[in-house]
Amino acid sequence: METGIKSEEARELAAMYRSQLSDIMEEWAKHTVDPTGGYITDFGEDWELVSRRKNIWAQARQTYMFAAYYEYSGHEDKWLSLAKLGRDFLVHHAYAGEGRWYYEVSEDGERVIEGTTTIFTDLFALIALAQYASASGDRTDYELIRETFDCARNHIMDPEFRDIKPHVWRKGIERHSPYMIAVHSSMIAEKVLGKDVTGPFIDFCIHKLLYFFGKNKSGYLLESLKEDGTVWDTPEGRIVNPGHIFEGMWFCIDYARGTDDDDDVISSALSIIQDTAEVAVDRTHGGVIHRFDCYGKEGEDTLKTDTGELKPDDKVDWVNCESLYAIALAAVLTGNETSIEQFRQLHQFCQTHFKPEEGGDWYPVLDREGTPLRKNKGGKHRVAFHVPRALMNLSVLFETVS
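The structure contained in this document is the topic of the report that follows. In this text, all values refer to a predicted model and were calculated from it rather than measured experimentally. (Residues numbered from 1 in each chain as written. Predicted model: local features only at pLDDT ≥ 70, side-chain atom pairs only at ≥ 80, totals over all residues. Heavy atoms only, no water.)

**Examining the sheet that holds strand S7 (residues 112-114)**
Judged by pairing direction, the sheet is antiparallel, and its three strands sit side by side in the order S3-S6-S7 without closing on themselves. Every other strand in the sheet has two partners, leaving strand S3 (54-55) and S7 as the edge strands with one partner each. (Pairing = 2+ DSSP bridges. Helix = DSSP H or I, 4+ residues; strand = E, 2+ residues; numbered from the N terminus.)

Have a look at this one:
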């Protein structure tokens, strides 16, 4: 393995990320359990309760992370028990049937607030159930996992499938994120279903990411393209989302490294990571901006989200932690000095600005200069997911170097 990260530095990084991951997981374990079932996830600053809503993205993501942490941290029963709380709530209250999952249910799970409006709920439910089954060895959910996988695969490959919230389906427009999330969800499902079931679909999605979305005349991997591969020249069509690019590329690399070590996939993904970092890293203030226009045109000043509005050069936790792992992969796998320096600078920015002085989970949003704009701990979708998953991946990566 080529790397300019020396063993001593790698050991220090691995230990630091492992320790910070433990702090975040313990913090969430202390607050998230709901005695009525599932998890409470919507918290403000200092963990004050904001709502008891049960969004299924959040329930599934939290389930996945507790189950993954159980395997990562040495099989302590506490973490598997926490994962089972989420698994049970999902299976008993969130399943709509025929491979589809509700988007949101009432606090007790007895009433559907929003139904099967988005493929992403199905994909997050898939990683939750598959990771729990892998961690526990319990095959009870095998048929449900298979049904969910088959349904998601069929819908993603159907150009007329319209349940893609938060995107709006438009005829002739392809969206990047369903393929991207499907790679990771199918990777986790493969641990239960086997490569013969999931492998062809994962290969299809990776090819779509790298050689369709990643190859167009804009020079960037775009969130949306016309079905013929040309740029959809609208404000929405010109959006470059670095967080999704970095996240999707490490999915591709991790899958290729864990199978046949597909050199073309790895080299293509690394090239996209390096090209994106050249533009997305804020060279003045540090960190990674969360979006830009592929042609440099002036677009809307703000992006509306579930929790407010963001400016294009704000710094978002999930964008920066996904970027951190992707750029770390580029640094370790290539030994490229530019990637190594980008990783070190981004690491320092995240440690200085996203990580609170008292420790624990990161601030969700900073302004361009690195001042926190929000300090809420949880949210509608925000749980122990992006940040702890990145810290887990980083610690494993640097343990292999040390």
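After that view of the structure, there is still more to cover.
**Quick notes on the layout of surface pockets**
For the second largest pocket, the calculated volume is near 590 Å³. Lining of the second largest pocket is provided by 22 residues; of these, Met187, Ile188, Lys191, Asp254 and Asn393 occupy positions nearest its centre. Looking at the lining of the second largest pocket, the elements with two or more residues in it are helix H2 (56-72), helix H6 (176-193), helix H8 (242-258) and helix H12 (386-401). If one sorts the elements of the lining of the second largest pocket by residue count, H12 sits on top with six residues. Residues of the lining of the second largest pocket, tallied by class, amount to eleven nonpolar, five polar and six charged. (1 Å grid on protein atoms, 1.4 Å probe; cavity = no way out; pocket = protein on both sides within 12 Å on 5 of 7 lines; lining within 4 Å. Points joined across faces, edges and corners; volume = space filled by probe spheres on them. Nonpolar A, V, L, I, M, F, W, Y, C, P; charged D, E, K, R; others polar.)

**Details of a negative patch on the surface**
On the surface, a cluster of negative charge is contributed by Glu45, Asp46, Glu48, Glu357 and Glu358. Tracing the chain through its elements places glutamate 358 in the loop between helix H11 (337-354) and strand S15 (365-366). (Patch = residues over 30% accessible without salt bridge, like charges linked within 9 Å, V, L, I, M, F, W, Y side chains within 5 Å. Areas by Shrake-Rupley, 256 points an atom, 1.4 Å probe, with all protein chains shown as cover. Salt bridge = Lys/Arg side-chain N within 4 Å of Asp/Glu carboxyl O. Lys, Arg positive; Asp, Glu negative; His and termini not counted. Charge placed at Lys NZ, Arg CZ, Asp CG, Glu CD.)

**Digging into the packing of H8 against helix H10 (residues 317-334)**
Running from N to C, H8 and H10 point in directions that differ by 45°, and their axes come no closer than 8 Å. By the criterion of interaxial angle, the relationship of H8 to H10 is oblique. Classified by chirality, the crossing of H10 by H8 is left-handed. Seen from H8, the contacting residues are Gly243, His244, Phe246, Glu247, Trp250, Ile253, Asp254 and Arg257; seen from H10, they are Trp318, Val319, Glu322, Ser323, Tyr325, Ala326, Ile327, Leu329 and Leu333. (Axes fitted to C-alpha atoms, helices over the stretch in contact; angles between N-to-C directions. Parallel < 35°, antiparallel > 145°, perpendicular 65-115°, else oblique. Left-handed = near helix turned anticlockwise from the far one by under 90°. Contact = heavy atoms within 4.5 Å.)

**Regarding helix H1 (residues 7-31)**
Compared with an ideal rise of 1.5 Å per residue, which puts 25 residues at 36 Å, H1 spans 37 Å between its outermost C-alpha atoms and is within 8% of the ideal. The complete set of buried residues in H1 reads Ala10, Leu13, Ala14, Tyr17, Gln20, Leu21, Ile24, Met25, Glu27, Trp28 and Ala29. (Expected span 1.5 Å × (residues − 1). Buried < 20%, exposed > 50% of the residue type's maximum accessible area, 1.4 Å probe, protein only.)

**So, empty space enclosed by the protein**
On inspection of all chains with the given rule, the structure shows one cavity of 30 Å³ or more. If you trace the largest cavity, you find it lined by Phe124, Ile127, Ile181, His184, Ser185, Glu247, Phe251, Phe385 and Arg389. For the lining of the largest cavity, the secondary structure elements donating two or more residues are helix H4 (119-136), H6 and H8. For the lining of the largest cavity, the leading source of residues is H6, giving three residues. Split by residue class, the lining of the largest cavity holds five nonpolar, two polar and two charged.

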